[in-house]
Structures are given as structure tokens and as C-alpha cells.
Amino acid sequence: MSAVTASLTRITALILRHMYLLRGSWARMAELVYWPTVQLCIWGFFTNFFTSRSPWLEQAFGVLIAGVLLWEITVRSQIGVCLAFLEEIWSRNLGSLFVTPLRPLEFAASLASMGLIRVILGVGPAALIALLFYDYSLFAMGPILLLFFSQLILMGWAMGIALSGVVLRVGLGAENLAWMGTFILAPIAGIYYPVDSLPGWIQPISYALPASHVFEGMRAVMFGKPVPWNHLLAAIGLNAVYMVGAAYVFHRCFNAARKAGKLLQTGE
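Given the structure is predicted, the values throughout are model-derived calculations rather than measurements.

A. Highlighting the nonpolar core. By size, the foremost hydrophobic cluster in this structure holds 76 residues, and its most contacted members are Leu-40, Leu-70, Phe-107 and Met-141. With 17 residues, helix H3 (residues 55-90) is the single largest residue contributor to this core. Sequence-distant contacts of Met-141, defined by excluding residues within four places in its chain, comprise Ala-66, Leu-70, Tyr-136, Phe-148, Met-218 and Met-222.

B. Local environment of the pattern of salt bridges. Within the structure shown, the criterion is met by 5 salt bridges. The partner of Glu-88 in a salt bridge is Arg-17, and the shortest N-O contact between them spans 2.9 Å. Remark: Arg-17 occurs in helix H1 (residues 3-23) and Glu-88 occurs in helix H3; sequence separation between them is 71 residues. Classification of Glu-88 by relative accessible area gives buried; the value is 0%. Looking at Arg-17, the relative accessible area reads 25%, which means it is partly exposed.

C. Focus on the side chain of Gln-151. Turning to its location among the elements, Gln-151 is positioned in helix H6 (residues 144-170). Classification of Gln-151 as buried rests on a relative accessible area of 6%. Discounting residues that sit within four places of it in the chain, Gln-151 has contacts with Val-214, Ala-235, Ile-236 and Asn-239.

D. The arrangement of the packing of aromatic side chains in detail. Counting across every chain of the model gives 6 aromatic pairs. Relative to Phe-107, the ring of Phe-85 has its centre 6.2 Å away and its plane inclined at 55°; by these criteria the two rings are tilted. Taken together, the residues Phe-85 in helix H3 and Phe-107 in helix H5 (residues 104-134) connect sequence positions 22 residues apart. Judged by relative accessible area, which is 1%, Phe-107 ranks as buried. Taken together, a centroid distance of 6.2 Å and an interplanar angle of 45° make the contact between Phe-107 and Phe-250 tilted. Of this pair, Phe-107 sits in helix H5 while Phe-250 sits in helix H10 (residues 229-259); the two residues are 143 residues apart in sequence, bridging distant segments of the chain. Residue class for Phe-250 comes out buried when judged on its relative accessible area of 0%.

E. Structural detail: the environment of Glu-216. Of note, Glu-216 is situated in helix H9 (residues 210-222). The spacing of Glu-216 and Pro-228 is 12 residues in sequence and 8.3 Å in space, taken between C-alpha atoms. Glu-216 has contacts with Pro-194, Val-195, Tyr-207 and His-231, leaving out every residue within four places of it along the chain.

F. Representation of helix H7 (residues 176-185) within the structure. Among the residues of H7, Ala-178, Gly-181, Thr-182 and Leu-185 are the ones counted as buried. End-on, the buried residues of H7 take up no more than an arc of 85°, which puts them together on one face. In H7, the exposed positions that point more than 90 degrees away from the buried face belong to Asn-176 and Ile-184.

G. Quick peek at the packing of H1 against H5. Between H1 and H5, the shortest axis-to-axis distance is 9 Å and the interhelical angle comes to 40°. Here H5 runs oblique to H1, going by the angle between their axes. Crossing geometry of H1 relative to H5 is assigned as right-handed. In this structure, H1 contributes Ser-7, Arg-10, Ile-11, Leu-14, Ile-15, His-18, Met-19 and Leu-22 to the contact, and H5 contributes Glu-106, Phe-107, Ala-109, Ser-110, Ser-113, Met-114, Ile-117, Arg-118 and Leu-121. Considered class by class, the residues forming the contact of H1 with H5 number 10 nonpolar, 4 polar and 3 charged.

Conventions we followed
- Per chain, residue numbering runs from 1 following the sequence as it is written.
- At least 70 in pLDDT is required for a residue's local features to be given in this predicted model, at least 80 for side-chain atom pairs to be given and counted, and no such filter applies to totals for whole chains, interfaces and linings, which use all residues.
- As a rule here, side-chain values come from all non-hydrogen atoms in the structure, and water together with hydrogens is ignored.
- Side-chain atoms within 4.5 Å link the members of a nonpolar core, which is a set of buried Ala, Val, Leu, Ile, Met, Phe, Trp, Tyr and Cys residues.
- For the exposure calls, accessible area comes from a 1.4 Å probe over protein chains only, and a residue counts as buried if that area is under 20% of its type's maximum, exposed if over 50%, partly exposed in between.
- What counts as a helix is a DSSP run of H or I of at least four residues, what counts as a strand is a run of E of at least two, and both are numbered from the N terminus.
- We call two residues contacting when some pair of their heavy atoms lies within 4.5 Å.
- For this document, the term salt bridge refers to a Lys or Arg side-chain nitrogen within 4 Å of an Asp or Glu carboxyl oxygen.
- Aromatic rings from Phe, Tyr and Trp, taking only the six-membered ring of Trp, are treated as a pair when their centres fall within 6.5 Å; an angle between ring planes under 30 degrees marks them as stacked, one over 60 as edge-to-face, and anything in between as tilted.
- Working definition: the arc comes from the directions between the helix axis and the C-beta atoms, pointing outward to the latter.
- For helices, the axis comes from a line fit to the C-alpha atoms of the stretch in contact; other axes are also lines fit to C-alpha atoms, and the angle between any two N-to-C directions lies between 0 and 180 degrees.
- Oblique is the label for any angle not under 35 degrees, not over 145, and not in the 65 to 115 range, which are roughly parallel, roughly antiparallel and roughly perpendicular in turn.
- Helix crossings get a hand from a simple test, with the near helix turned counterclockwise from the far one by less than a right angle marking a left-handed crossing and a clockwise turn marking a right-handed one.
- When residues are sorted by character, Ala, Val, Leu, Ile, Met, Phe, Trp, Tyr, Cys and Pro go into the nonpolar class, Asp, Glu, Lys and Arg into the charged class, and all the rest, Gly among them, into the polar class.

Functional significance is not addressed by these values, which are geometric in nature.
As C-alpha cells, this is what we get:
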């Protein structure tokens, strides 16, 4: 068996472990669907209410719904990575995993894969509800949606992997960071309003987030403007930097935790 095949086998085994956890727990499955659906319903009915009262909001209805759905991709991706990692801590399974040939970056790859699976399981039903309740299809944006989707997934992965490393290094006292990650950034990520509506001193911080460039690009496309490749290229570049940074943070935190004996001690 080649090294690449062995590596893929170990990653697949971890993915299967978490899939079995999902399949065996209605509570976990319900949590996947709950937040995207509730968010969609709240903002959908909110915009429905104002549609008849403001011509601009009538034009912007799809933009707000698309913002909800696309932001949930980032949220579900980041939380999916962190939750898969926390499952291993809660079950005190880290020590058992790392007495095998499993490498830290293979572990991180399996966490990222679970983040993607949770996005599909969580956002898929919400996208269907958007079609049934509000007659809005996210796929109306066309092939460019795949670029938006991929950049938001990568941002969620980078945050999830880095935060998992911090929790591994610090312990469960930092667990709340896993739940707060994307929600802290939501007000400045330009999800529901343009970045230029933020105070001037915050705008450079906002543009340091890949999501801000994605949402600026999304609004341009939905209002009939040419595809803003400058924003998409900026998002791709930022994600490349953040993914490398996240891998570095996770690797350093893992090595520090291993030397401190925390792989065996960390748990509920």
C-alpha cells in the first residue's frame, strides 16, 4: 500500500466514524438543520414584511436571502470542523487516535471533510425551504455560485482548524471560541449590507475577510453588474494565506499539546 493510499484510508476511516455518529443521533441531525432553517425563516419573513413597504427592499429581497444562505455555508463549515474535533475530546479519543500512524494534518483533513458534509446536510434543506417559501433559488446566480461557495467553505475550514488547535493547546476552557468564531465576524463581513456602509476605520478590517469580498461580489452579480473578479481573486488570495496559517497554528498547537501530555488528559 502506497503512502498516499494509506493516508487516504486513515482520513476516510475518521470521516466514517463521524458519519456513524451523525446517523445514530437524531439530536445531531436536528442541530444541523435547525440553525440554517431558523435563520432563513426569520430573515425571509422579515424581508417579506418590508417588501410591500419599500421598493429598494423589493429589489434586494434575493440579496438578503442569498446572504443568509451563503453565510450559513461559512458558519456550518467552521462549526462542523470544530464539532468533529470536540467529539474526539468529549469521548477522550485523541490518545487512541494518535497512537496509530495518523498524522496531525490527516486529522485536520478529516475535520475539514466533516465540515463540508455538515454544510451540505445543513444548508441543503434551508435552500429547499427558500425555494418553497420564498420562490428563491440560490442556483439562479449560475456557475459563479461555485466560486462563492468554495471561498466561504475555505474560510470556514481555516477558522475551524485554527480554533481546534487553540482548544487542543489551551483545553476545554477555550471551547466557547468554537461556537463564537464566525458569529463575532458577522457584523463586519458585509453579509446583509455593503462594506462601505461600515465606519471607515472598520472597512480595512472587513476587507481582510474573504467573506466580505464574496458578499460584495454576490451583490454585484445579483444587481446585474459584471462579475467582480478583483473581489474573487482577493478572496482566493486571503484564503490561501489563512489556510496555510491555520495548518501552521494547528501543527504547532498539536506539538505543544503532545509534549504537555494533553492528548491523553483532555476530555470532559
